[in-house]
Amino acid sequence: MLRELKTFITVARLGTFAAAGQQVGLTQSAVSAQMRVLEQHLGVRLFERSGRAAVLNAAGRHALPLAEQMLALYAQMALPQAADQWQGELRVGAIATLQTGLLAEALPRFRQLAPLVELKLVPGVSLQLFSQLDAGELDLALLIKPPFTLPKELLEVPLAREPFVLIAPLDVDGADPLRLLAEQPFVRYDRASFGGRQVTRFLREQRLNVREALELDELEAIVRLVENGMGVALVPRAGLWLQRPTRLRVIELGALTFHRELVALVRRAQRQPALDCLLSCLESRN
């Protein structure tokens, strides 16, 4: 029945028997036959079949996380119980500031504790990494805390809390952050990103109408643009720019300070020694 459960999960994620068949190496009719066998064993229908689509019904939505847990538990039966015995690939997605910051600090210790693990680091923005973790393409995602309720199958581990500051070119006078935001061109942290949504909420709460010069989702690029006189920006106090001489002014927000929270997300059913070891190394560095 494990074969049928694997195929069921693939169909649920891809949405059609044909696409699932291509992924698992079966014909569409073979996938359909496996799903009929699974439904017969369970005594319930799992899909609403409409044309080419295979959409989970209520019973299917209930069964999906249980099927994932069963396969994960089965896989763990053959796993070593110590991180230093673990062999295999660990796929870790991380936003840029975590790759060059907390993760870079934690990896030497992890390498000592789990020398046989093959790490694959995947860069990306928070929303992209969250989607990749949810799709099973990552084992661990290091990102900004999502601004929505997490699925119950995901475990969240807090890593760090970073304050936002206002950065301005050296030749821009004034120390009032609200006045500078109202008067100067604004380099906006992409409003579609998790961090950028916090900036948008701050501007709305302060009833500020800014003059946008540019919008992007790359903190190092935002800092360089401000250094070159493009405008002012609200950014978290994080990134490589803090480790080099800068040509800008950093203005604290004082009582108006807001923060972005950095977290590690992992699927509860996929916990294993090497992954727990990496999480421990990350927690010990914050």
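Above this text you will find the structure in question.
First things first, this report covers the structure right here in the doc. Remember, predicted model here, so these are calculated numbers, not experimental data.

Parameters at a glance
Residues numbered from 1 in each chain as written. Predicted model: local features only at pLDDT ≥ 70, side-chain atom pairs only at ≥ 80, totals over all residues. Heavy atoms only, no water. Helix = DSSP H or I, 4+ residues; strand = E, 2+ residues; numbered from the N terminus. Expected span 1.5 Å × (residues − 1). Contact = heavy atoms within 4.5 Å. Buried < 20%, exposed > 50% of the residue type's maximum accessible area, 1.4 Å probe, protein only. Right-handed = clockwise from strand over helix to strand, strands pointing away. Axes fitted to C-alpha atoms, helices over the stretch in contact; angles between N-to-C directions. Parallel < 35°, antiparallel > 145°, perpendicular 65-115°, else oblique. Left-handed = near helix turned anticlockwise from the far one by under 90°. Nonpolar A, V, L, I, M, F, W, Y, C, P; charged D, E, K, R; others polar.

## A few points about helix α3 (residues 28–42)
Moving on, step 1. Compared with an ideal rise of 1.5 Å per residue, which puts 15 residues at 21 Å, α3 spans 21 Å between its outermost C-alpha atoms and is within 8% of the ideal.
Moving on, step 2. Contact partners of the buried residues in α3: α1 (2–14), α2 (17–24) and β1 (47–50).
Moving on, step 3. G43 sits one or two residues past α3 and shows a positive phi near 80 degrees.

## Observations regarding unusual backbone geometry
Of all residues except glycine, most have a negative phi; of all peptide bonds, most are trans.
Moving on, step 1. Positive phi, close to 55 degrees, is recorded for R207, a residue that is not glycine.
Moving on, step 2. Examined against the element boundaries, R207 turns out to sit in the loop between α9 (194–205) and β8 (211–216).

## Digging into the pairing of strand β7 (residues 185–189)
Moving on, step 1. Within β7, four of the five residues are buried, which leaves it mostly tucked inside the rest of the structure.
Moving on, step 2. Read from β7 through α9 to β8, the crossover connection turns out right-handed.

## Observations concerning the packing of α1 against α2
Moving on, step 1. Closest axis-to-axis distance for the α1/α2 pair is 8 Å, and the angle between their directions is 125 degrees. Considered as vectors, α1 and α2 are oriented oblique to each other. Crossing of α1 against α2: the hand is right-handed. Between α1 and α2, the residues in contact are T10, V11 and L14 and F17, A19, A20, Q23 and V24, respectively.
Moving on, step 2. Per-class residue counts for the contact of α1 with α2 are six nonpolar, two polar and no charged.

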